[in-house]
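Architecture at a glance
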Amino acid sequence: MMRKMTVGSVFTLIAAVAGVVGTVAMMLSSNIDKAYAYKTVNTLLLMGICGIILCLIAVWSPTRFGNHDLLSTIGTVGAIGLFMGVVGTMISDRVLMIAGLFSYNSQNMVGWRVFYATVTGIAAFVVGCILLIIASFMKNAKAAK
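Throughout what follows, the structure given in this document is the object of discussion. What you are looking at is a predicted structure, and each value in this text was computed from that prediction instead of being measured.

Turning to the packing of aromatic side chains, a few remarks are in order. Scanning the entire structure with this criterion turns up 6 aromatic pairs. Aromatic side chains Phe-102 and Trp-112 sit 5.2 Å apart centroid to centroid with 80 degrees between the ring planes, which places their arrangement in the edge-to-face category. Of this pair, Phe-102 sits in the loop between helix H3 (70-101) and helix H4 (109-136) while Trp-112 sits in helix H4; the two residues are 10 residues apart in sequence, bridging distant segments of the chain. The class of Phe-102 is exposed, set by a relative accessible area of 56%. Feature note: the residues Phe-102, Trp-112, Phe-115 and Tyr-116 constitute an aromatic cluster, connected by ring pairs. Over the ring of Tyr-38 we find Arg-94, and its NZ or CZ is 4.0 Å from the ring centre.

For any two helices packed against each other, one specifies the inter-axial angle together with the distance between the axes. One way to put it is that helix H1 (residues 7-31) packs onto H3 with a least axis distance of 12 Å and a crossing angle of 25 degrees. Of the possible angle classes, the one that applies to H1 and H3 is roughly parallel. Here H1 and H3 pass one another in a crossing that is left-handed. Across the interface between the two elements, Ala-15, Gly-19, Met-26, Ser-29 and Ser-30 of H1 pack against Phe-83, Met-90 and Arg-94 of H3. Grouping the amino acids of the contact of H1 with H3 by side-chain chemistry returns 4 nonpolar, 3 polar and 1 charged.

Counted according to the given criterion, the structure contains 0 disulfides. Left without a disulfide partner, Cys-50 is nearest to the cysteine sulfur of Cys-55, which lies 11 Å away. According to the relative accessible area criterion, Cys-50 is partly exposed, its value standing at 30%. There is no disulfide at Cys-55, and the cysteine sulfur nearest it, in Cys-129, is 8.3 Å away.

What follows covers the pattern of salt bridges. Scanning the entire structure with this criterion turns up 1 salt bridge. Between Asp-93 and Lys-39 there is a salt bridge, with its nearest N and O atoms 3.5 Å apart. Taken as a pair, Asp-93 in helix H3 and Lys-39 in the loop between H1 and helix H2 (41-65) lie far apart in primary sequence, 54 residues in all. Under the relative-accessibility criterion, Asp-93 is labelled partly exposed at 24%.

Quick look at the packing of H1 against H4 now. Between H1 and H4, the shortest axis-to-axis distance is 8 Å and the interhelical angle comes to 160 degrees. By the angle between their directions, the pair H1 and H4 is classed as roughly antiparallel. Crossing angle aside, the handedness with which H1 passes H4 is left-handed. From H1, Gly-8, Phe-11, Thr-12, Ile-14, Ala-15, Ala-18, Gly-19, Val-21, Gly-22, Thr-23, Ala-25 and Ser-29 reach across to H4, where they touch Val-114, Ala-117, Thr-118, Thr-120, Gly-121, Ala-124, Phe-125, Gly-128, Leu-131, Leu-132, Ile-134 and Ala-135. Looking at the contact of H1 with H4 residue by residue, the class counts come to 14 nonpolar, 10 polar and no charged.

For the rest of this paragraph, the subject is the environment of Asp-69. Looking at the element boundaries, Asp-69 is found in the loop between H2 and H3. Residue Asp-69 is classed as buried on the basis of its relative accessible area, which comes to 11%.

What follows deals with the side chain of Thr-12. Looking at the element boundaries, Thr-12 is found in helix H1. When its relative accessible area of 2% is taken as the criterion, Thr-12 is described as buried. Every residue in contact with Thr-12, bar those within four places of it in the chain, is listed here: Cys-55, Ala-58, Val-59, Leu-132, Ala-135 and Asn-140.

What counts as what
What you see as residue numbers is a count from 1 along each chain, following the sequence as written. In keeping with the model being predicted, local features are shown solely for residues with a pLDDT of at least 70 and side-chain atom pairs are shown and tallied solely at 80 or more, while totals for entire chains, interfaces and linings include all residues. Hydrogens are left out, water is left out, and the side-chain values use all remaining heavy atoms of the structure. Think of it this way: a Phe, Tyr or Trp ring, Trp meaning its six-membered ring, pairs with another when their centres are within 6.5 Å, and the plane angle makes it stacked under 30 degrees, edge-to-face over 60, tilted otherwise. Helix numbering and strand numbering both begin at the N terminus, where a helix is a DSSP run of H or I of at least 4 residues and a strand a DSSP run of E of at least 2. Only protein chains enter the accessibility calculation, which uses a 1.4 Å probe. A residue is then buried if its area is under 20% of the maximum for its type, exposed if over 50%, and partly exposed in between. A ring is considered to have a charge above it if a Lys NZ or an Arg CZ atom is located within 6 Å of its centre and within 35 degrees of its normal. Every axis corresponds to a line fitted to the C-alpha atoms, with the helix fit spanning only the stretch in contact, and the corresponding angles, defined between N-to-C directions, vary from 0 to 180 degrees. Comment on the angle field: the value is read as roughly parallel under 35 degrees, roughly antiparallel over 145, roughly perpendicular from 65 to 115, and oblique elsewhere. Crossings are assigned a handedness: left-handed for a near helix turned anticlockwise from the far helix by less than a right angle, right-handed for a clockwise turn. Contacts are residue-level and defined by heavy atoms, with any inter-residue pair within 4.5 Å sufficient. Here the nonpolar group is Ala, Val, Leu, Ile, Met, Phe, Trp, Tyr, Cys and Pro; Asp, Glu, Lys and Arg are the charged ones; every other residue, Gly included, is treated as polar. Note on terminology: disulfide denotes any pair of cysteine sulfur atoms within 2.5 Å. Basic side-chain nitrogens of Lys or Arg form a salt bridge, by our definition, when they fall within 4 Å of a carboxyl oxygen of Asp or Glu.

This is the structure:
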């Protein structure tokens, strides 16, 4: 399998690693303080893990079935959808906290730690989505000789 991988596969693997980083940062931002825990943390964790698994399927599938097969397309699109769903939920759950930090509650050190962990998670998921979009336009497996 490793011999058949190309640049598109490497980008998809890096997107899976970015998904792991985003999931860990999301869990850290939820567990810093009880007051800042996500309401649906279990759903977000499940979405992050499923997105990572779909990235790995998008790497494996072209080596087995050829480039641009249906399974790798579903894996790529599903991973992008799940990652962006996590990003949207993270932003909507933190918007009031962020507004408070940048206006009247700027001395809240715990809030700033949660903010930085949240931004790290969001950035990792967005980078993963961008890499998946770039990889979707590339060949993910070398042609058989």
